[in-house]
Each structure stands twice: as C-alpha cells, then as structure tokens.
Protein chains: 2
Amino acid sequence: MNVRITEDFWIKYRNLVRKEMIPYQWNVLNDIADINIERERDDDAIPNEKSHAIENFKIAAGLSEGEFYGYVFQDSDVYKWLEAASYVLREEDDAELRKKADEAVDLIVAAQQPDGYLDTYFIIKEPERKFMTLRESHELYCAGHFFEAACAYYTVTGNKKVLETAVKLADCIDAHFGPEEGKLHGADGHPEVEIGLMKLYAVTGEKRYLKLCEYFISIRGECHKFFAEQDKAEKGMEPIFEGMRHGLDTYFQIQEAPAKQSTAEGHAVRQIYLCTAMAELAREDGDKELADACRRIWRNIVDRRMYVTGGIGSTVNGEAFTLDYDLPNDTMYCETCASVGLIFFAENMLKLESKGEYADVMERALYNTVLSGMALDGRHFFYVNPLEVDPRQSRKNPTKSHVKAVRPEWLACACCPPNLARMIASVDDYIYMKKDKEIYVNLYIASEASFLVKNEKVKIKLETDYPKSGSVRLSIKKSGDSVIGFKLRIPGWAENVYGQIDGVQEKITEEKGYWQVDVVNEYTEINLNMPMYVERNYANTRVSADTGKVCISRGPLIYCAESVDNGEELQNIEMLEDAPFKESFEPKLLNGITVINTEGKRLEQKENSPLYSHKKAYEVKDQKIKLIPYYAWGNRGENEMRVWLHEK
Amino acid sequence: MNVRITEDFWIKYRNLVRKEMIPYQWNVLNDIADINIERERDDDAIPNEKSHAIENFKIAAGLSEGEFYGYVFQDSDVYKWLEAASYVLREEDDAELRKKADEAVDLIVAAQQPDGYLDTYFIIKEPERKFMTLRESHELYCAGHFFEAACAYYTVTGNKKVLETAVKLADCIDAHFGPEEGKLHGADGHPEVEIGLMKLYAVTGEKRYLKLCEYFISIRGECHKFFAEQDKAEKGMEPIFEGMRHGLDTYFQIQEAPAKQSTAEGHAVRQIYLCTAMAELAREDGDKELADACRRIWRNIVDRRMYVTGGIGSTVNGEAFTLDYDLPNDTMYCETCASVGLIFFAENMLKLESKGEYADVMERALYNTVLSGMALDGRHFFYVNPLEVDPRQSRKNPTKSHVKAVRPEWLACACCPPNLARMIASVDDYIYMKKDKEIYVNLYIASEASFLVKNEKVKIKLETDYPKSGSVRLSIKKSGDSVIGFKLRIPGWAENVYGQIDGVQEKITEEKGYWQVDVVNEYTEINLNMPMYVERNYANTRVSADTGKVCISRGPLIYCAESVDNGEELQNIEMLEDAPFKESFEPKLLNGITVINTEGKRLEQKENSPLYSHKKAYEVKDQKIKLIPYYAWGNRGENEMRVWLHEK
C-alpha cells in the first residue's frame with residue numbers, strides 16, 4: 001500500500017509538521033530553541049526550563065558530562081520525534097532531516113548498554129534501580145516508543161543500526177520479564193511497550209516479541225501485587241515519580257486482567273494505549289475474550305465517556321476517565337495524546353472487525369481534538385482541549401488553571417507535540433485499509449494510492465475538498481479482471497447520501513457503515529456525495545453539563561463560538577431552535593474555513609443590577625451568532641470559547 | 001444586654017449543641033469517641049486517625065509523654081470548644097460541663113511556658129522554631145482563638161486563671177512583635193489573633209492589645225518581605241505546613257496593606273477573619289481609610305463573589321475566592337467556617353454603620369450555609385457546602401472529591417464543627433444591637449431580652465415562629481419616660497410589609513433597611529408582618545453557572561431539590577416560569593419544614609439512545625417538584641441536590 005496525499009487541507013498541516021514542527025522540536029530537544037516552556041499545572045514540581053532530552057542521551061553515552069534532567073520519560077520525546085521524522089521522510093526524502101535523524105539514532109545506539117538496556121534516566125542517575133520501580137519508571141514505556149520509532153525509521157530508510165538496537169533492547173526486556181522463574185512478573189505502569197512490541201514483531205517476525213506483548217497484557221491484573229513487592233524491596237527510597245506512588249489501581253488499569261475489564265478507567269492515555277495493543281493482539285491471536293473486552297471498553301467510551309469533539313478524560317486529577325455521562329465542559333482534560341491514542345484504538349478495532357463506526361470515531365477525534373492540539377502556525381500546542389473556556393477563570397480559578405485559552409509554545413511534559421507530529425505525518429496510513437482482499441476507504445482525504453490485491457495492481461485517485469464539502473470522486477484503475485470489493489465508509493453524521501458508478505446513479509445500500517462496490521472493469525469512477533448539512537447535536541440528558549444546550553456540526557467538524565466573533569460572556573448567547581443557518585466559506589479566515597452564521601439572542605444584564613434579584617434583570621436582544629470549526633479555535637489571541645451553547 | 005432565646009427552631013439547634021455537639025466534641029478532643037474521621041481531600045497528607053488535641057496539651061504540660069500529633073493548629077480545636085462551652089454555660093449552668101471546661105483551662109494553664117508562650121506544636125516538637133515560620137505556623141492564629149475563648153469563659157464563669165493566661169500570652173506576643181527595633185515585623189499567615197486581641201482589649205481595657213491589633217493589620221502589606229526573610233533564616237528546614245510554603249500573596253491577603261485592598265482574595269476564611277478585625281478596628285479607632293477598605297471588600301463579596309446561600313470561596317484549591325461572578329455550583333468550596341466568618345464581618349459592619357443590608361447577609365449566611373454545615377442530629381458536619389452535588393460524581397471524579405453528599409462524623413481538619421458550635425451557642429448575641437442609645441432588632445428570633453438605655457430598664461419580648469412565618473410581635477416594657485428608638489430590620493427579601501403599633505396600623509417607612517419606631521409609653525406592642533412569599537431568584541447573567549436557571553426562596557431560606565423527593569438526574573428537571581407554588585408545613589419532615597411544591601417538567605431520555613444525536617432523544621413529561629430548605633438537605637441518606645434548577 002502506497003499512499004500520497006494531494007489535498008490542500010492536509011498538505012498544509014503536513015507542511016507545518018515538515019517545515020515547522022520537526023525542525024522546531026529538534027531544536028527544542030537539543031536546547032537550542034528560544035522558547036517559553038509552560039507548566040501544565042501550577043503544582044507541577046518537575047524542573048522544566050529546558051528539554052535536555054538529547055543531552056541526556058549524550059551523557060548516557062559518555063559523550064558529555066552532567067546530570068539527567070527532565071521527566072523520567074524524557075527519552076520518549078526523542079523517540080516520538082524520530083518516528084514523526086520517519087513519516088516525513090517517507091513522504092519526501094530530505095538530506096538535512098535524514099542527517100539529524102541519523103545523528104539521533106547514533107546517539108541512541110551509543111547510549112545503549114552492552115546488555116541491551118536503554119533508558120537514560122536509569123543509566124545516568126540510578127543504575128541500581130533498573131527495572132525496580134515499574135509503576136513509576138516508564139522504562140518499558142520509553143522502550144515501546146523506541147520500538148515504534150525504530151520500526152518506522154528502519155522501514156523508511158533501511159537504517160539497520162536502529163532496528164538492531166531495538167532488537168537488542170527487546171531481547172534485554174525479554175530476558176528480564178516473563179512467566180519463567182527468576183524473571184520479573186509484572187508490566188510497566190504506563191502501557192506502550194505492548195504497541196511497540198507488536199510493531200517490532202511485524203517488522204522482524206520474531207514470535208518472542210508477540211509472546212512478550214501477550215505476557216505484559218495478561219499479567220496486568222496481577223501488577224498490584226508486583227508493584228507492592230517492588231515498593232517493599234525499595235523500602236525507604238525516594239519515589240521516582242512522587243505523584244504516582246499512591247495512584248489507584250484503575251489509574252494504571254491494573255484493577256483486573258485486561259481481558260476482564262469492561263469500562264474505561266484511570267489515566268486516559270494509559271487506558272487507550274492498552275486498548276490499542278489489546279485490539280491488535282486480539283486480532284493477531286484470534287483471542288475472542290480479549291476482543292470482547294475491547295468491544296466492551298469501546299462501547300463504554302463511545303456511548304458514555306467521550307466528548308462530542310472526540311476528547312476523552314473528564315478530570316485533570318490523574319488526567320483520567322471518571323464515570324458514565326460525566327462530561328464537564330470546563331474542568332475536563334481531553335488531552336491531545338489521548339485523542340491520538342483513540343485513533344490508534346479505533347484503527348485496530350477496524351482491523352479487528354471492519355465496522356464504519358470505528359472510523360467515525362477516528363474521524364471525530366482527528367478533525368476536532370487532535371487538530372485543535374496544534375495552532376495554525378504549527379508552533380504552539382494544547383495539552384488540554386476544553387469544550388468551554390473563559391480565560392479570566394483559567395487565570396484566577398485554580399480548578400481551571402490547566403485549561404489554557406491560548407496554546408503555549410512548548411510544554412514541560414512534552415508528550416503531545418511530538419505525538420501530534422507523528423499522527424499528522426502518518427495520516428496517510430489511516431485513509432485506506434486492505435482487509436480480506438477488499439479495499440476500505442475510511443477517511444476521505446484526497447490522495448493517490450496503489451495496492452496489490454488478488455495479484456492485481458490497483459491504482460486509486462481520490463478527489464475531494466473534504467471537509468469543505470462531502471463530494472468525493474474515486475477513480476480506480478486496475479490491471480486485471482478479478483472482482484475487487486471496495487468499501488466506502490458512509491459516515492455516521494451523513495444523511496441523504498447518493499452515489500454514481502461510472503455516471504450511473506446507484507442506490508446506496510449501507511452495511512456496517514460501508515457502501516460496498518464491486519469493481520471489475522479496468523477503469524471505474526465512483527462518485528459519492530455526502531451532503532454536509534449544518535446539524536444540531538444534543539447530548540444524552542444524562543450528561544448534566546449539556547442540558548438545554550446544543551452543539552453545531554457540519555460533516556465531521558464540530559463547531560464552536562469564540563468571543564472574538566460573538567462578544568464576551570458566551571453563556572448569555574442563546575441559539576434559537578428554529579433559526580436557519582447560513583454557511584459561507586471564508587478563504588482568508590483561519591487558513592480557510594466554512595463559517596456558520598445564525599440569528600440568536602443575547603441576554604444583556606441591566607446596568608448596576610445586583611448579584612441576585614427576584615425579577616430577571618436582563619433584556620433579551622438580537623444577536624448574530626458566528627461559529628467556526630473547533631479545530632481552529634484559539635488562533636486569534638486569548639478569548640472565550642464554547643462548543644455547547646444554550647438553546648431557547 | 002441580656003437575651004434568652006425562646007423559639008423552638010433555635011432551641012432545638014442550641015440543645016443539639018449542648019447535648020450532642022459539646023459532649024461529643026469533648027470526647028473527640030480527648031480521643032475517647034468512637035468515630036470515623038474523614039479526610040476533606042484525598043491528597044491530604046496530614047495524619048488524622050484521631051484528634052489528640054487534649055493529649056497535645058498534656059504532653060506540653062509535662063503531664064503525659066509522647067509526640068505532638070495532628071495539624072499545626074490542632075490547639076485551636078480546644079479553644080473553639082471552650083468558647084462554645086462558655087456560651088452554653090451562659091445560657092444555663094451545668095456542673096458537669098463546667099468541670100470539663102475547668103479541666104481544659106487547667107491544662108492550658110499548665111502548658112503555658114514561663115515567658116507566656118503557648119502553642120503545643122512548638123513546645124513539644126520544634127521549640128527552636130517558635131515565631132520563626134509565621135507564614136505557616138498558625139501560632140498567633142491559635143493565640144487568637146485562645147483569647148476569644150478566654151474572654152468568653154472569663155465573662156461567663158469569672159474564671160480568672162484563664163484570663164491571666166491569655167493576658168500572659170498576649171504580653172508574650174506583644175514582647176515579640178511590633179514596630180520597635182529588635183521585634184518581629186510581621187503577622188501570622190492566618191488572620192485571627194487580631195479578632196482575639198480586640199476581645200481581650202474589650203475585657204481588660206489594656207490599650208497595648210488594641211495597638212498590637214492595629215500593628216498586625218497595618219504590617220500585613222509588608223509580610224511578603226517578612227515571610228521571605230523567615231524562609232531565608234530557616235534555609236534548609238522542612239516546611240511546617242508544606243502546602244502553604246508556596247502560597248500566593250493573595251492566599252494570605254498580604255498583596256498590599258489591608259487599608260488599600262478592594263477585593264476579596266485568597267483563602268476565604270483568612271480574608272473574612274481579617275475583614276472582621278479591620279471593621280472592628282475601624283470603628284474603635286474611627287479609622288476612615290480602614291472603614292472604606294471594609295466597605296469596598298464588602299461590596300466586592302456581596303455584589304460579585306457570594307453564593308445565594310451566603311457561601312463564599314469558589315474553589316477548593318486554596319479554599320479560596322477566585323474572581324468576580326465566578327460562582328460554579330459543583331466545584332466550589334463554601335466552607336462552613338467562611339460563612340461563620342461572614343457573620344462576624346457583617347456584625348462588625350453593622351456596628352460600624354447600621355445598615356440593614358449587613359444584617360441581611362448575616363441572616364442569609366446563618367439560615368443557609370451555616371445551618372447546612374450541621375446535620376439535624378448534631379453529630380455530622382459539612383466542611384464544604386455545595387449548591388449542586390451528584391454523589392456518583394463526588395465518588396468518581398476527583399475534581400469534585402471534596403464535595404460530600406453526606407455529612408461525615410468528624411473531620412481531620414476539624415475547624416468547622418467547633419466553629420458551628422460557638423456560632424449557634426452565641427446566636428443570641430446577634431439578635432439585638434444597642435447603638436447610639438437605640439435598640440436594633442437584626443434577627444427575628446423569638447426571645448426575651450433586657451437592656452439599660454438612657455438609664456431606663458427596657459424589657460423586650462419578641463414572639464415569632466420565624467422562619468416558618470414572618471409575623472413578629474415585639475412587646476416592650478420600659479421603666480421610665482424617655483423616648484427610646486427601636487429599629488426593626490426590614491429584610492431585603494421582604495415586600496408588602498405592614499405593621500401595627502399598639503393595635504394601630506402604621507405606615508412603614510424604611511430607612512437604611514430599618515423601620516424606626518420611637519417608644520415612649522411604659523408598655524408598647526409592635527406587630528411587624530413580613531409576608532413570606534415563595535420567590536424566584538435569578539443570578540446576574542455574568543454568573544455563567546446560573547444562566548437559564550432559577551433558585552427558589554421563601555423569606556430568608558434558600559430552597560433546593562433533592563433526588564429523594566424528585567427522582568434522579570436533577571439536571572433534567574425544569575421549573576416552569578409561570579407555575580404557581582404551593583407551600584405546606586410538614587411538621588414531621590426534617591424537624592418540621594415548610595415544603596414548596598410546584599408543577600414542572602422532566603426530560604426523560606428514550607431507552608438506549610446514543611450519547612449524541614441530531615434530534616432530541618428525550619420526551620418531556622410532567623413532574624411534580626418538591627423543594628426543601630437548603631439547610632436541611634443531606635439528612636436523608638446520600639442523594640443528589642441542586643439549588644439552581646433549569647427554568648423553561
């Protein structure tokens with residue numbers, strides 16, 4: 001499968017990654033960028049004046065002197081950068097970038113210990129505690145990110161050193177962990193190595209890595225005991241990561257064996273990374289019990305714990321899931337990384353069983369919370385993606401201090417920017433899926449692709465200006481005469497969809513979210529029209545934060561109101577239940593967006609009225625309401641924003 | 001002034017204090033109660049399995065061996081208990097209670113150091129750090145509570161030891177703090193000693209205590225420097241109170257001199273205790289600048305930062321004020337102590353300038369947030385008084401973990417229960433005020449009182465069943481023939497008030513919130529009728545949490561809905577703008593309350609409907625709505641509660 005994106009909307013983002021994010025992040029990792037690093041939370045005790053991530057590798061390799069600096073998982077920033085750089089190089093080679101990436105690889109290789117061990121924190125700072133504090137250490141988490149990066153970089157560039165280093169590290173981990181006596185019987189507090197091992201297995205074919213992944217997942221339900229034993233053995237030593245020492249079992253998803261779990265719990269990124277590996281393993285092993293667990297957790301997230309923007313994580317405390325239908329709009333977390341992870345999970349569920357609803361959620365997360373994680377300049381990032389923000393409250397009410405109204409330049413805990421970079425740089429991987437000798441079109445991103453199916457060469461040209469419109473043309477050219485099944489996703493948001501095959505109007509029959517078209521001829525042209533109406537969205541009334549409120553969407557895009565367009569005090573704007581919408585494309589606004597306009601009302605408080613009164617002390621005035629896509633908010637200075645608006 | 005409460009509503013509460021709270025708290029302080037102590041917050045690191053407060057005094061006095069245990073301000077629990085016990089004894093002597101109180105006094109006396117110093121934490125644990133860590137130490141805070149207790153106990157019982165001990169401690173503090181060279185130029189991080197010093201000045205007439213109070217208030221704007229110097233001198237030592245070391249200046253109200261301050265900032269109890277002392281001092285000194293500051297902060301609180309229940313403090317982080325109109329209903333703090341403090345501040349503003357609006361706020365805080373701090377059994381207490389709670393969210397969303405739906409038995413940081421006890425036990429002090437040879441009636445609590453005014457003996461009998469109704473009869477008997485001015489408060493909530501004097505209908509002219517009646521005859525009977533309508537209350541639209549919502553009140557009582565009466569998911573209940581209310585007194589419900597009934601609607605979600613949908617997936621059904629007074633909520637097991645309800 002070879003895919004090349006041709007659509008302007010995505011080319012812009014991918015160019016930002018190539019031209020802004022990747023060079024910028026490289027400078028940050030090397031401490032040569034002139035930036036302001038922002039703490040996510042006021043109470044954050046970790047030093048964060050610089051990244052120091054590359055320097056940590058130099059010190060670990062003996063090429064520089066000094067102390068380890070940063071989070072215990074600082075290495076993963078380098079790995080995620082390397083993975084993103086690989087996808088950028090896959091699209092188009094770049095000697096300068098290749099040089100930087102090779103340099104990073106060389107440093108990683110040099111930092112690795114003779115036994116294969118690799119983690120700069122422990123190499124530099126506390127070698128005696130290697131694999132001793134798995135609840136907090138993030139050692140396997142970092143290894144997982146390295147495996148992902150190594151597989152990507154090796155696949156794209158053929159760099160063998162990086163793969164050998166990954167294999168050596170995987171073997172080192174395999175030598176230390178497993179069911180055998182004398183080995184450690186536990187997993188990392190932060191799932192991720194499981195994803196990396198599956199990738200390494202795919203690239204090397206080494207079954208031991210698959211087995212190790214199986215082991216890390218199956219042992220998770222017993223990690224409570226394992227962590228407690230590690231604590232005991234470490235008695236009296238300072239925690240590696242203070243805040244995690246007393247985390248609940250659910251924070252780490254160790255409350256029971258993953259195959260028994262039914263709800264999304266604890267730290268959202270951990271949960272979603274675990275689910276990603278579980279789904280992939282369930283498919284690889286044909287493990288029905290694990291597949292059922294994935295389905296249960298998926299249903300729990302999508303039916304009860306996901307924001308309309310595809311954000312997950314309802315509280316900053318533990319960056320975590322909370323309970324069914326608890327989706328506050330202003331104190332939530334909705335970490336960018338968690339929505340990136342939701343796409344990983346959705347992709348693996350799609351591979352497990354091809355249902356369009358998985359791609360629906362993938363699309364929801366991608367076009368809303370993931371893209372909102374990045375400013376339109378590619379140099380400012382959100383960690384937290386609120387559905388409602390008042391910058392005055394964020395400044396003065398510490399319950400909301402994690403909710404920023406403007407994207408900072410860089411973040412002390414810098415997991416999100418490189419995660420965004422690798423997601424956007426690899427978005428071509430999510431458009432098509434080849435499964436059971438059929439070709440699925442999951443995302444409508446204009447592109448050219450070629451496949452080998454049933455020994456035929458199949459070339460596809462997908463033309464669309466999605467998400468500006470829902471008109472898609474698929475031109476298919478194939479080399480032989482087999483029947484090749486195409487499955488075009490009919491998004492959950494779409495109504496009155498119509499299509500043509502080779503100019504002939506076709507009735508669309510939708511099965512499991514897809515329109516099946518069997519292609520036989522050498523040339524076939526499929527037209528699919530998904531009219532993008534402006535839609536009102538209502539939350540289930542069990543979501544107490546959204547009672548009496550409406551959220552507007554158009555196609556896959558969720559819309560929001562900003563005070564820069566609508567005046568301050570967005571709580572006093574009322575949408576009217578029967579007011580028509582007018583949409584217009586504004587090419588110069590926010591890189592070109594479709595704006596939605598409507599007539600509404602505004603409650604206007606009378607001058608000098610008291611805090612409370614027996615009569616309503618406001619007048620109701622007409623208000624022109626202007627909405628913009630959620631992903632583009634926060635790009636015009638600090639101002640209020642709301643996704644859910646009161647409806648009269 | 002001698003006042004005796006005769007009203008059943010208050011006698012019940014005062015009997016609870018006498019028969020339940022005081023003996024129960026004594027047992028807690030002596031670690032002989034069989035109780036469950038609850039942490040306010042999950043992240044609270046302070047040990048809290050027992051009180052140990054009396055034991056600390058025994059150890060400090062050399063009468064027992066062991067270590068200090070509890071919060072650094074644990075002593076204040078004993079002092080507040082002693083103060084409450086004094087008021088209980090004032091109402092009716094009780095040999096057994098007197099014995100316990102004397103025993104407590106003897107312990108306090110025995111723990112005092114030869115130089116007058118008194119604070120068990122520092123005596124037992126870190127004597128070398130006496131007065132070295134004022135930001136965190138609470139030494140003067142504890143002293144202030146002791147002064148208040150000593151003055152009360154001395155006044156009621158004539159116990160001289162307790163007053164001598166207080167004087168000795170005040171002299172010790174006076175010897176260490178002040179503008180003179182060689183003394184410490186700073187104040188306590190937690191205001192309170194200022195209030196105590198004013199009381200000690202009132203009882204002893206010793207001007208040095210007044211001067212010291214002035215000093216502590218005026219130096220506050222320079223405490224930032226003072227605290228920084230103390231930090232420096234202490235370099236390397238463990239903080240006494242970790243969480244406070246990095247508090248913002250506003251947390252301690254040291255951002256500028258109190259006389260310059262204009263807004264309520266930081267820790268709500270600290271702010272309100274400071275204001276209390278400022279107002280008292282402004283009156284005593286005739287300090288106009290300080291009086292103006294009090295007026296500014298008062299206006300800021302009452303016009304922009306106070307909940308409709310008289311609660312203050314919009315965030316759990318720092319238990320603090322946040323910003324204007326930021327009044328979230330479900331993540332707020334509204335500490336019981338803060339509303340007790342608001343009554344102190346209001347009382348002192350009343351004494352400074354007799355305007356009925358101060359008494360209005362006093363009444364609002366007293367009948368709502370203060371009373372809600374205590375269960376109807378007198379043995380369970382709220383620290384936090386929410387305006388909206390869903391117990392499932394409190395259990396599973398840590399952003400709301402401080403918001404309990406049921407009152408715990410005791411609290412690790414046990415400031416609120418004894419503060420409630422001293423408030424309720426002294427509520428007779430807030431009914432009347434003698435000022436400028438006039439008698440003010442501020443609270444309508446049935447009582448008998450006698451005054452000496454213009455050398456006349458004036459006896460008052462106030463009859464009412466307030467807050468059940470607003471009918472008040474005042475029978476006045478006086479010994480001479482001077483004209484004595486009576487000022488009867490016309491509450492802000494009241495409309496269509498009418499009155500009679502000796503059976504003759506009188507037109508009520510209201511001035512500054514009072515109806516002035518000049519009484520000449522030996523016997524006069526005044527009837528005041530304040531009809532208690534059920535009223536709708538609307539918040540200023542700048543309060544984003546309350547848009548589209550209504551809160552119901554009747555007289556001084558704010559009402560709320562509980563799910564035990566109205567079914568679960570209170571967010572789906574809609575009040576109707578034009579629905580009539582029906583009130584009925586239910587003598588057996590919650591110790592006898594007036595219930596408000598009305599017809600409303602309920603949004604009922606259709607079975608198996610998704611999380612989000614383009615059409616409203618609910619039906620609107622009729623719903624009988626039943627509301628109860630806010631103070632009585634949470635007495636029927638764990639259930640949902642809301643003060644602000646959606647209105648259609």
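Residues numbered from 1 in each chain as written. Chains lettered and ligands numbered in written order. Predicted model: local features only at pLDDT ≥ 70, side-chain atom pairs only at ≥ 80, totals over all residues. Heavy atoms only, no water.

Remarks on the overall build of chain A
Then step 1. Each helix and strand counted, chain A has 18 helices and 25 strands in total.
Then step 2. Its C-alpha atoms put chain A at 75 × 70 × 50 Å along the principal axes.
Then step 3. In chain A, which comprises 648 residues, the share counted as buried stands at 63%.
Then step 4. Nonlocal contacts in chain A, meaning residues at least 24 apart in sequence, comprise 70% of its contacts between residues at least 6 apart.
Then step 5. For chain A, the exposed surface amounts to about 23300 Å²; the carbon and sulfur share of it is 47%. (Helix = DSSP H or I, 4+ residues; strand = E, 2+ residues; numbered from the N terminus. Buried < 20%, exposed > 50% of the residue type's maximum accessible area, 1.4 Å probe, protein only. Contact = heavy atoms within 4.5 Å. Areas by Shrake-Rupley, 256 points an atom, 1.4 Å probe, with all protein chains shown as cover.)

Digging into the relation of the copies chain A and chain B
Then step 1. With an RMSD of 0.0 Å, the fit of chain A onto chain B corresponds to turning through 180° and sliding 0.0 Å along the axis. Given the turn and translation reported, the copies of this chain are related as if by a two-fold rotation axis. Residues of chain A ranked by C-alpha distance from the rotation axis are headed by Thr399 of chain A, positioned 3.8 Å from it.
Then step 2. When the interface residues of chain A are mapped onto chain B, 100% of them again lie at the interface, so the same face is used by both copies. (Least-squares fit on C-alpha atoms with pLDDT ≥ 70 in both.)

Side note on the packing of helix H4 (residues 95-111) of chain A against helix H7 (residues 139-157) of chain A
All names here are of chain A.
Then step 1. Close contact between H4 and H7 brings their axes to 12 Å; oriented N to C, the two are set at 135°. Put simply, H4 runs oblique to H7. Once H4 is placed against H7, the crossing between them reads as left-handed. The residues of H7 that touch H4, namely those facing Arg98, Ala101, Asp102, Val105 and Ile108, are Phe146, Tyr153 and Thr157.
Then step 2. By residue class, the composition of the contact of H4 with H7 is five nonpolar, one polar and two charged. (Axes fitted to C-alpha atoms, helices over the stretch in contact; angles between N-to-C directions. Parallel < 35°, antiparallel > 145°, perpendicular 65-115°, else oblique. Left-handed = near helix turned anticlockwise from the far one by under 90°. Nonpolar A, V, L, I, M, F, W, Y, C, P; charged D, E, K, R; others polar.)

Overview of the sheet that holds strand E1 (residues 2-5) of chain B
All names here are of chain B.
Then step 1. Read across the open sheet, the seven strands follow the order E1-E7-E8-E9-E15-E11-E12; overall the sheet is antiparallel. With partners counted over all chains shown, the strands left at the sheet margins are E1 and strand E12 (504-506), one partner each. For this sheet, the mean angle separating the axes of adjacent strands, direction not counted, is 20°.
Then step 2. The pairing of strand E11 (residues 498-501) with E12 spans three bridges and is classified as antiparallel. Considered in E12, the bridge of Gly499 is made with Glu506. (Pairing = 2+ DSSP bridges.)

Here we look at the interface of chain A and chain B
Then step 1. Across the contact, 59 residues belong to chain A and 59 residues belong to chain B.
Then step 2. Summed over both sides, the interface between chain A and chain B buries roughly 4800 Å², with carbon and sulfur atoms accounting for 51% of that surface.
Then step 3. One salt bridge connects Lys396 of chain A with Glu265 of chain B, and the closest N-O pair in it is separated by 3.4 Å.
Then step 4. For the interface between chain A and chain B, the tally reads 42 residue pairs in polar contact (both at pLDDT 80 or more). (Buried area = accessible area lost by both parts, 1.4 Å probe. Salt bridge = Lys/Arg side-chain N within 4 Å of Asp/Glu carboxyl O. Polar contact = N/O pair within 3.5 Å; in protein donor to acceptor, adjacent residues only side chain to side chain.)

Concerning the packing of aromatic side chains
Residues and elements named next belong to chain A.
Then step 1. The final tally for this structure, using the stated rule, is 69 aromatic pairs over all chains.
Then step 2. Each ring, one from Trp298 and one from Tyr358, has its centre 4.8 Å from the other, and the planes form 70°; the classification is edge-to-face. With Trp298 in helix H13 (residues 288-305) and Tyr358 in helix H15 (residues 356-372), this residue pair connects regions lying 60 residues apart in the sequence.
Then step 3. Take Trp298: its relative accessible area is 1%, and that puts it in the buried class.
Then step 4. Residue Tyr358 is classed as buried on the basis of its relative accessible area, which comes to 3%. (Phe/Tyr/Trp six-rings, centres within 6.5 Å; stacked < 30°, edge-to-face > 60°.)

What about unusual backbone geometry?
Leaving glycine aside, a negative phi is the common case for residues, and trans is the common case for peptide bonds.
Residues and elements named next belong to chain A.
Then step 1. Omega for the peptide link from Tyr466 to Pro467 comes to 5°, which places this bond in the cis form.
Then step 2. Mapping Pro467 onto the fold places it in the loop between strand E8 (456-464) and strand E9 (471-478).
Then step 3. Its identity is not glycine, yet Cys334 carries a phi of approximately 50°, on the positive side.
Then step 4. Residue placement: Cys334 occurs in the loop between H13 and helix H14 (336-352).

Focus on helix H1 (residues 8-29) of chain A
Residues and elements named next belong to chain A.
Then step 1. Compared with an ideal rise of 1.5 Å per residue, which puts 22 residues at 32 Å, H1 spans 30 Å between its outermost C-alpha atoms and is within 8% of the ideal.
Then step 2. Within H1, the axis deviates most sharply at Val17, by approximately 35°.
Then step 3. Two residues or fewer past H1, Asp31 is found with a positive phi of approximately 60°. (Expected span 1.5 Å × (residues − 1). Bend = angle between axes of the 7 residues up to and from the residue.)

Considerations on the pairing of strand E21 (residues 593-605) of chain A
All names here are of chain A.
Then step 1. Summarising the sheet, strand E19 (residues 573-575) and E21 pair through three bridges and their orientation is antiparallel. Counterpart to Glu574 in the pairing with E21 is Lys601.
Then step 2. As judged from the six bridges shared by strand E20 (residues 581-586) and E21, these two strands associate in the antiparallel manner. When the bridges of E21 are listed, Glu583 appears paired with Ile596.
Then step 3. Where E20 hands over to E21, the hairpin turn is made up of six residues, of which Leu590 adopts a positive phi near 50°.
Then step 4. Sheet topology note: the E21/strand E23 (residues 618-629) ladder contains 10 bridges and is antiparallel. Bridge pairing in E23 links Thr598 to Ile625.

Some thoughts on the state of the cysteines
Then step 1. With the rule as written, the count across this model stands at zero disulfides over all chains.
Then step 2. Here Cys151 of chain A is not cross-linked by a disulfide; its sulfur's nearest cysteine counterpart is in Cys213 of chain A, at 13 Å.
Then step 3. Of the cysteine sulfurs around Cys223 of chain B, a residue in no disulfide, the closest is that of Cys213 of chain B, at 14 Å.
Then step 4. For Cys223 of chain B, a relative accessible area of 0% puts it in the buried group. (Disulfide = S-S within 2.5 Å.)

Details of helix H15 (residues 356-372) of chain B
All names here are of chain B.
Then step 1. Between its first and last C-alpha, H15 extends 24 Å over 17 residues, near the 24 Å set by a 1.5 Å rise per residue.
Then step 2. Considering bend angle alone, the principal kink of H15 is centred on Leu366 and spans about 35°.
Then step 3. For H15, the buried fraction is high: 14 of the 17 residues fall into the buried class.

A word on the pattern of salt bridges
Then step 1. Tallied over the entire structure, the rule returns 119 salt bridges over all chains.
Then step 2. With its nearest N and O atoms 2.4 Å apart, the salt bridge here joins Asp106 of chain A to Lys161 of chain A. Placement of Asp106 of chain A in helix H4 and of Lys161 of chain A in helix H8 (residues 160-176) is noted, with a sequence separation of 55 residues between them.
Then step 3. Among the salt bridges present, the one from Arg98 of chain B reaches Asp93 of chain B, with a minimum N-O distance of 2.9 Å.
Then step 4. Linked through salt bridges whose partners overlap, the residues forming this network are Arg14, Arg18, Arg90, Glu91, Asp428 and Asp429 of chain A.

With respect to the side chain of Glu148 of chain B
All names here are of chain B.
Then step 1. Looking at the element boundaries, Glu148 is found in helix H7 (residues 139-157).
Then step 2. Reaching out from Glu148, the side chain makes a polar contact with the side chain of Lys199 at a distance of 2.7 Å.
Then step 3. When neighbours within four sequence positions are excluded, Glu148 is seen to be in contact with Glu83, Glu192, Ile195, Gly196, Lys199 and Arg422.

A short note on the environment of Leu474 of chain B
Then step 1. Structurally, Leu474 of chain B is set in strand E9 (residues 471-478).
Then step 2. Taking the C-alpha atoms as reference, Leu474 of chain B lies 40 Å from Tyr141 of chain B; in sequence the two are 333 residues apart.

Structural notes on the pairing of strand E10 (residues 484-489) of chain B
Residue and element names in this part refer to chain B.
Then step 1. Judged by how many residues are buried, E10 sits mostly within the fold: six of six residues are covered.
Then step 2. Where strand E6 (residues 438-441) meets E10, four bridges bridge the pair, whose relative direction is parallel. Counterpart to Tyr440 in the pairing with E10 is Lys487.
Then step 3. Sheet analysis places E10 next to strand E14 (residues 514-519), joined by six bridges and oriented antiparallel. Looking at E14, one finds that Gly485 is bridged to Asp518.

Considerations on the environment of Ala291 of chain B
Residue and element names in this part refer to chain B.
Then step 1. Along the polypeptide, Ala291 turns up in helix H13 (residues 288-305).
Then step 2. Here the alpha-carbon distance between Ala291 and Cys275, two residues 16 residues apart in the chain, equals 9.9 Å.
Then step 3. Setting aside residues no more than four positions away along its own chain, Ala291 makes contact with Ala282 and Leu352.

Observations regarding the confidence of the model for chain A
Then step 1. For chain A, per-residue confidence averages 95 on the pLDDT scale, and residues scoring 70 or more make up 97% of the total.
Then step 2. Quick note on the complex model: pTM equals 0.94, ipTM equals 0.94. (pLDDT = per-residue confidence, 0-100.)

Quick notes on the sheet that holds strand E6 (residues 438-441) of chain A
Residue and element names in this part refer to chain A.
Then step 1. Spatially, the five strands line up as an open sheet ordered E5-E6-E10-E14-E13, and their pairing is mixed. Every interior strand has two partners, whereas the edge strands, strand E5 (432-435) and strand E13 (510-511), have only one.
Then step 2. Helix-sheet contacts for H14 involve E5 and strand E14 (514-519), and the interaxial angle to E5 is about 30°.
Then step 3. Taken strand by strand, H15 contacts strand E10 (484-489) and E14, and its axis lies near 50° from that of E10.

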